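A look at the structure
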Amino acid sequence: IAISRPEVPLEPPVAGPLLMALLKHNTSLQALDLTANDLGREAAIILAAALEFNRTLTSLKLAYNPLMDSEAKTAVKAAASKWRGAELAMELGE
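Per chain, the residues get numbers from 1 upward, laid out in the order the sequence is written. Local features in this predicted model are restricted to residues of pLDDT 70 or higher, and side-chain atom pairs are both shown and tallied only at a pLDDT of 80 or more, whereas totals for entire chains, interfaces and linings draw on every residue. With hydrogens and water excluded, all non-hydrogen atoms of the structure serve as input to the side-chain values.

The end-to-end C-alpha separation of helix α3 (residues 70-83) is 20 Å, in line with the 20 Å expected for 14 residues at 1.5 Å each. Type-normalised accessible area, obtained with a 1.4 Å probe on protein chains alone, sets the label of each residue: buried when under 20%, exposed when over 50%, and partly exposed for intermediate values. Comment: elements are numbered from the N terminus, with helices defined as DSSP H or I runs of at least four residues and strands as E runs of at least two. Listed as buried for α3 are Ala72, Lys73, Val76, Ala79 and Ala80. An end-on view of α3 places all buried positions within 130° of arc, on one side of the element. Those residues of α3 that are exposed and aimed more than 90 degrees away from the buried face are Ser70, Ser81 and Lys82. Packing partners of the buried residues in α3 comprise α2 (41-50), β3 (59-61) and β4 (89-91). Two residues or fewer after α3 comes Gly85, characterised by a positive phi angle close to 60°. Multiplying one less than the number of residues by 1.5 Å gives the expected span of a helix. What the arc measures is the spread of directions leading from the helix axis to the C-beta atoms. Any two residues whose heavy atoms approach within 4.5 Å at even a single point are treated as in contact.

Here it is, written out as structure tokens:
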């Protein structure tokens, strides 16, 4: 299963909890494209935490999210590396 929502902004109060719910318990989602969704730091940190629990995601696209600062991108990369290793292809748009 793939979810592609490029250029469809997610409102800040909804983005983080939605991502956590989507990834934490999901066992079928393989690709998630959130390119240009106005995701910010909070959503990125929550997403990083959710990667600990999700073992099915193989592709994550987060490019063109200017509200996501370098610290948030680093947190996502670190979580992906720690919990998923080379199993997860990521696009952060750096």
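The structure having been displayed, the exposition proceeds.
Before going further, it helps to examine the side chain of Asn37. Mapped onto the elements, Asn37 comes out in the loop between β2 (31-33) and α2. On the basis of relative accessibility, which here comes to 0%, the residue Asn37 falls in the buried class.

Moving on, we come to the nonpolar core. Among the nonpolar cores identified, the biggest contains 22 residues, and Leu32, Leu57, Leu60, Leu62 and Val76 are the most heavily contacted of them. At the level of elements, α1 (12-24), α2 and α3 are the ones that each hand at least two residues to this core. Sort the elements by how many residues they give to this core and α2 lands first, with five residues. Nonpolar cores are built from buried Ala, Val, Leu, Ile, Met, Phe, Trp, Tyr and Cys residues. Side-chain atoms within 4.5 Å join them into one set.

Bringing α2 into the picture now. Along α2, the positions that sit buried rather than exposed are Ala43, Ala44, Leu47, Ala48 and Ala50. Burial along α2 is one-sided: seen end-on, the buried residues are contained in an arc of 160°.

Now for the side chain of Asp33. The residue Asp33 is located in strand β2 in this model. None of His or the chain ends enter the tally, which takes Lys and Arg as positive and Asp and Glu as negative. By salt bridge we mean one thing: a side-chain nitrogen of Lys or Arg within 4 Å of a carboxyl oxygen of Asp or Glu. Here Asp33 sits buried without a salt bridge, and the closest side chain of opposite charge, Lys61, lies 4.6 Å off (N-O distance). Here a polar contact means two N or O atoms within 3.5 Å. Within protein one must be a hydrogen donor candidate and the other an acceptor candidate, and residues neighboring in sequence count only if both atoms are side-chain atoms. A polar contact is formed between the side chain of Asp33 and the side chain of Thr35, at a distance of 2.6 Å.

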